[in-house]
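# Remarks on the overall topology
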Amino acid sequence: VRDGGYTWQPARALLDTGNAGLTLIDARFAARHAIHREGWPAERQTVLRGVVPGATSQAPVVTVALQIRGHELLIPAAVSTLPNEDVLVSMDVIKELFAAGFRMGVGSA
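First, a word on scope: everything that follows refers to the structure included in this document. (Residues numbered from 1 in each chain as written. Predicted model: local features only at pLDDT ≥ 70, side-chain atom pairs only at ≥ 80, totals over all residues. Heavy atoms only, no water.)

### Overview of a nonpolar patch on the surface
A cluster of nonpolar side chains, L15, F98 and M104, forms an exposed patch at the surface whose accessible area comes to about 250 Å². Here F98 lies in helix α2 (residues 91–99). On the basis of relative accessibility, which here comes to 37%, the residue F98 falls in the partly exposed class. (Patch = residues over 30% accessible without salt bridge, like charges linked within 9 Å, V, L, I, M, F, W, Y side chains within 5 Å. Areas by Shrake-Rupley, 256 points an atom, 1.4 Å probe, with all protein chains shown as cover. Salt bridge = Lys/Arg side-chain N within 4 Å of Asp/Glu carboxyl O. Helix = DSSP H or I, 4+ residues; strand = E, 2+ residues; numbered from the N terminus. Buried < 20%, exposed > 50% of the residue type's maximum accessible area, 1.4 Å probe, protein only.)

Structure below.
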C-alpha cells in the first residue's frame, strides 16, 4: 500500500471472495501510514454491512494505491477496523487481478 508520502508499505492482505462491496483498509494501518485518520476529510462515506444481519456502520472512503505481485491498482477503499489484516481485498479488485492474468488455486501463496 502506498502511504501518505508515496512510499510503498508492506501490508497483510486477505483476498475476500465473499466481499462484493469495497476493499477495506484497517483504520490503524491507514493512520500509521498517513493514508487517513479520524477527523481527516474523506472522498465520501459509505455504509458497511457485515455478516450479522442488519448490522451496519459508516466508514470514510479514500483512494489508495495497492501493489499486488508487481501489479499496481488505484482503488477506492473504506477505512474500518479489521481484526487480523491490513487490507481486505474485495471481488472487484480480485476480478481485475484475474483479468491481468492472475489465478488462484489450492496452495496459492
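### With respect to the layout of surface pockets
Approximately 610 Å³ is the volume attributed to the largest pocket. Along the walls of the largest pocket sit 21 residues, with A13, L15, I68, R69 and L97 positioned nearest its centre. Elements with a contribution of two residues or more to the lining of the largest pocket: β1 (13–15), β4 (56–68), β6 (87–89) and α2. The residue makeup of the lining of the largest pocket, split by class, is 16 nonpolar, 3 polar and 2 charged. Lining the second largest pocket are 19 residues, with L24, L48, R49, G50 and V51 sitting closest to its centre. Those elements giving two or more residues to the lining of the second largest pocket turn out to be β3 (44–49) and β4. Among the elements that make up the lining of the second largest pocket, the one with the highest residue count is β3 (4 residues). Residue composition of the lining of the second largest pocket, by class: 8 nonpolar, 9 polar and 2 charged. (1 Å grid on protein atoms, 1.4 Å probe; cavity = no way out; pocket = protein on both sides within 12 Å on 5 of 7 lines; lining within 4 Å. Points joined across faces, edges and corners; volume = space filled by probe spheres on them. Nonpolar A, V, L, I, M, F, W, Y, C, P; charged D, E, K, R; others polar.)

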